[in-house]
Amino acid sequence: MTATTLSPRPKRKVEKIYYAFLVPSLVLFTLSITLPAIIGIFFSFTNSIGFGDWDFVGLINYVALFSDPAVLASYLFTFGFAAVTVVLVNVLAFLLAVGLTAKIRLKTSLRAVFVIPMVISGIIIAYVFNFLFSNSLPELGQAAGVGWLSESILANPELAWIGVVLVTTWQAIPGTLLIYIAGLLAIPGDVYEAADLDGAGKFAQLVRITLPLVAGYIVINVLLGFKNFLNAYDVIVGLTNGGPGTATRSIPMTIVTGFTGGDYAYQMANAAMFFIIVVAISLLQLRITRGRNAL
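Everything in this summary refers to the structure shown in the same document. This structure is a prediction, so every number in the text was calculated from the model and none was measured.

## Re the packing of aromatic side chains
Here is step 1: Overall, the coordinates contain 17 aromatic pairs when judged by the stated rule.
Here is step 2: Relative to Y264, the ring of F43 has its centre 6.0 Å away and its plane inclined at 65 degrees; by these criteria the two rings are edge-to-face. Residue F43 is found in helix 1 (residues 16-43), and its partner Y264 is found in helix 12 (residues 264-291); the two are separated by 221 residues along the sequence.
Here is step 3: Aromatic pair F77 and F81: ring centres 5.8 Å apart, planes at 10 degrees, arrangement stacked. On the criterion of helical spacing, the pair formed by F77 and F81 is a turn pair, its members being 4 residues apart in helix 3 (residues 69-100). When sorted by exposure, F77 lands in the same class as F81, which is buried.
Here is step 4: Chaining the aromatic ring pairs together yields one cluster made of F42, F43, W54, F56, F259 and Y264.

Printed below as a string of structure tokens:
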């Protein structure tokens, strides 16, 4: 039996149009994202205020972050806000998706109504709700004689975060809802027909059929939502501007405020630390989801 010599695989020809699309995008991404990030990380090891002379200070900025109560408070608020909001958004969006995929009239029109917040700017939504929380609801509370409703929750340091969560949830539900609707519509109808024949009720079908089959979509929404909420900025600016005091100041707000307040290098260290934390969380989440074969 003679050995046959395998001929080398012919190289796949790359069309020139591929480079025409790739190179400009790569250059723009490098100049607008990668290069500024590298420069920012470099200056995080200095005492620069954003202009003028500067000197290397090593890890002083990074060490100072762990003893700065304002920075620690912004991390606590941001992660707490993201955790609460992602749970609220996913629960409400999933329940709405179940209702909007059921056999009801005008479900197509209702879907269009529920996705309207998705096309409105976050800052506009925040200003509208700011007026409602600061004027309309207190007037309604005074007229009804309800004491806790007579004052704006946005002016209360202990309750302002609730307003931020509610508005962010209202804005984020449509995108999450669309993903859940796509997942529910992908489930074959035969599965539910078989469950009906076996005598399974609607709640049993929801728990034992629907939830397991849309588990991958739940993971996607949780990952996307949590990362988006960590970067919350425009809604908070329009609602509370980080107040009262610094009660609702997120990490991005703390970083931007520091840039304009002469703490450029210090807040660049904060931004670099925040980036590392987010990447670590992303890698951990991906490892967990791959281990469970959810995606």
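## Notes on a nonpolar patch on the surface
Here is step 1: A contiguous nonpolar surface patch, about 1100 Å² in accessible area, is contributed by I17, Y18, Y19, F21, L22, V23, L26, V27, L31, L35 and I39.
Here is step 2: Tracing the backbone through its elements, the reader meets Y19 in helix 1.
Here is step 3: The class for Y19 is partly exposed, based on a relative accessible area of 44%.

Rules used in this analysis
- Residues numbered from 1 in each chain as written.
- Predicted model: local features only at pLDDT ≥ 70, side-chain atom pairs only at ≥ 80, totals over all residues.
- Heavy atoms only, no water.
- Phe/Tyr/Trp six-rings, centres within 6.5 Å; stacked < 30°, edge-to-face > 60°.
- Helix = DSSP H or I, 4+ residues; strand = E, 2+ residues; numbered from the N terminus.
- Buried < 20%, exposed > 50% of the residue type's maximum accessible area, 1.4 Å probe, protein only.
- Patch = residues over 30% accessible without salt bridge, like charges linked within 9 Å, V, L, I, M, F, W, Y side chains within 5 Å.
- Areas by Shrake-Rupley, 256 points an atom, 1.4 Å probe, with all protein chains shown as cover.
- Salt bridge = Lys/Arg side-chain N within 4 Å of Asp/Glu carboxyl O.

Everything listed here is a matter of coordinates, which is why it stays silent on function.
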